[in-house]
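So you can see what is in the structure, the chains are spelled out below.
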Amino acid sequence: MDNSNWWRNYEGILKTFYPLFLGQVVSFGMALMSFTSSLVANLGANTPLSLSFFSYTALALVYGGIMIYRRQKLQVPWYWYALLGLADVQGNFLVNKAYQYSSITSVTILDCWTIAWVIILTWLFLGTRYSPWQFFGAAVCLAGLGLVLLSDAKASGGSGGSKPLLGDVFVIIGTFFFSMSNVGEEFCVKKKDRIEVVSMIGLFGLLVTIIEIPIMERKSLESVKWSPELILAFCGYAVASFMFYTFVPFLLKMSGSTLFNLSLLTSDVWAVVIRTFFYKQKVEWLYFVAFALVVTGLIIYSKTEKDPVSAPAIEEANADDQRYQLLNEDEEQADHRHDATVS
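Residues numbered from 1 in each chain as written. Predicted model: local features only at pLDDT ≥ 70, side-chain atom pairs only at ≥ 80, totals over all residues. Heavy atoms only, no water.

1. What about the packing of helix α2 (residues 48-70) against helix α8 (residues 194-216)?
- Put simply, α2 and α8 touch, their axes get as near as 7 Å, and they point 145° apart. The chirality of how α2 crosses α8 is left-handed.
- Class assignment for the residues of the contact of α2 with α8 results in 17 nonpolar, seven polar and three charged. (Axes fitted to C-alpha atoms, helices over the stretch in contact; angles between N-to-C directions. Helix = DSSP H or I, 4+ residues; strand = E, 2+ residues; numbered from the N terminus. Left-handed = near helix turned anticlockwise from the far one by under 90°. Nonpolar A, V, L, I, M, F, W, Y, C, P; charged D, E, K, R; others polar.)

Rendered as structure tokens:
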């Protein structure tokens, strides 16, 4: 009896702390992506699409190879994955582009716009219902992000970047594309195979970057002065993004968006630490207030999230119940007829 209680306690602890650990792996991957992307921009390489090219290549080769080995057929039509890949590429392009104009702190904090976009998209297209506390938490986040914009408007070219407001706009638009990709990915991951989702995002992301690089980055690539530091930064981004795309589906499948959002908060903390200690840059006091508001809003939103139920899902469940009741009634009537015939 004692052994069984100990085992149940152990399983409970494991179920609690394993998602937390996995969330920190994802958060570390995101912070490392932010750091290496910012480093590439500081080294003079204006090549955000080429930066993503190696990431999508790694995903397509590894997870596409697994699908070929399995001889697995697609469970979702390819054109949906094409849309996800297109949205993901544009999101990566705009966010990585923002590092050329704004600071790493602004980019990582403004990344939280993804949550606001996700709320809007799921509410409009999926009929997801959110509590008033969740909307309040999102509003607090937006208030903090407004302070980031105010701080960047006052920033000089030194600590805030060359064009901080332009960088902020790039991030906000990029997070809209990310939200489209994330909503689609979460739906596919919970309904279909994780390997298929990651491999298809990698494949179509690779195809989109191959098409866009000659159009948008040919001159930039020709002017890049390659160095060991720059090559190492490219490799670091590819490794970090591969780790990020690998573990995010597992976290979404296990714990959903609540733990995912909470885990990503630590990436903002690491971004501030990187800016303060690695780049030796001064952090404006408004950033601390903005960060506190963003953290508070995300905690309110995450603590009050209860796996939002969409209206279509409720209607489908009610329809299933009705079909089940009709089926039972038909079976009962058939049994009565059978008994009457026998008697």
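2. Some words on the packing of α2 against helix α3 (residues 78-98)
- The N-to-C vectors of α2 and α3 enclose an angle of 130°; their axes lie 8 Å apart at closest approach. Of the possible angle classes, the one that applies to α2 and α3 is oblique. Along this stretch, α2 crosses α3, giving a crossing that reads as right-handed. Of α3, the residues touching α2 (which contributes P48, L49, L51, S52 and Y56) are D88, V89, N92, F93, N96 and K97.
- Among the residues forming the contact of α2 with α3, the class breakdown is six nonpolar, three polar and two charged. (Parallel < 35°, antiparallel > 145°, perpendicular 65-115°, else oblique. Contact = heavy atoms within 4.5 Å.)

3. A look at the pattern of salt bridges
- Counting across every chain of the model gives two salt bridges.
- In this structure, D193 engages R70 in a salt bridge whose closest nitrogen and oxygen atoms are separated by 3.4 Å. Taken together, the residues span a long stretch of sequence, with D193 in the loop between α7 (164-191) and α8 and R70 in helix α2 at a distance of 123 residues.
- For D193, a relative accessible area of 21% gives the class partly exposed.
- Among the ionic pairs, E222 bridges to R218, the shortest N-O distance being 3.5 Å. Here E222 and its partner R218 are both found in helix α9 (residues 218-223), four residues apart, which amounts to about one turn of the helix. (Salt bridge = Lys/Arg side-chain N within 4 Å of Asp/Glu carboxyl O. Buried < 20%, exposed > 50% of the residue type's maximum accessible area, 1.4 Å probe, protein only.)

4. Focus on a nonpolar patch on the surface
- On the surface, a nonpolar cluster with roughly 580 Å² of combined accessible area is contributed by L74, W78, Y79, W80 and L83.
- Inspection of the secondary structure assignment puts L83 in helix α3. (Patch = residues over 30% accessible without salt bridge, like charges linked within 9 Å, V, L, I, M, F, W, Y side chains within 5 Å. Areas by Shrake-Rupley, 256 points an atom, 1.4 Å probe, with all protein chains shown as cover.)

5. A look at the packing of aromatic side chains
- For the structure on display, the rule yields 13 aromatic pairs.
- Here F53 and F54 contribute two aromatic rings whose centre-to-centre distance is 5.4 Å and whose plane-to-plane angle is 80°, an arrangement assigned as edge-to-face.
- We classify F53 as partly exposed; its relative accessible area is 25%.
- The class of F54 is partly exposed, set by a relative accessible area of 41%.
- With centroids separated by 6.0 Å and ring planes inclined at 80°, the aromatic side chains of W78 and Y79 adopt a geometry described as edge-to-face.
- Assessed through its relative accessible area of 44%, Y79 is described here as partly exposed.
- An aromatic cluster is present here, built from F53, F54, W226 and F234 joined pairwise through their rings. (Phe/Tyr/Trp six-rings, centres within 6.5 Å; stacked < 30°, edge-to-face > 60°.)

6. Some points on empty space enclosed by the protein
- For the coordinates displayed, the defined rule picks out two cavities of 30 Å³ or more.
- Size it by volume and the second largest cavity reaches roughly 40 Å³.
- As for the second largest cavity, its lining consists of S37, V40, A41, A45, T47, P48, L51, N96 and Q100.
- Of all the secondary-structure elements, those providing two or more residues to the lining of the second largest cavity are α1 (2-42) and α2.
- The biggest single contributor to the lining of the second largest cavity is α1, with three residues.
- Class assignment for the residues of the lining of the second largest cavity results in five nonpolar, four polar and no charged. (1 Å grid on protein atoms, 1.4 Å probe; cavity = no way out; pocket = protein on both sides within 12 Å on 5 of 7 lines; lining within 4 Å. Points joined across faces, edges and corners; volume = space filled by probe spheres on them.)

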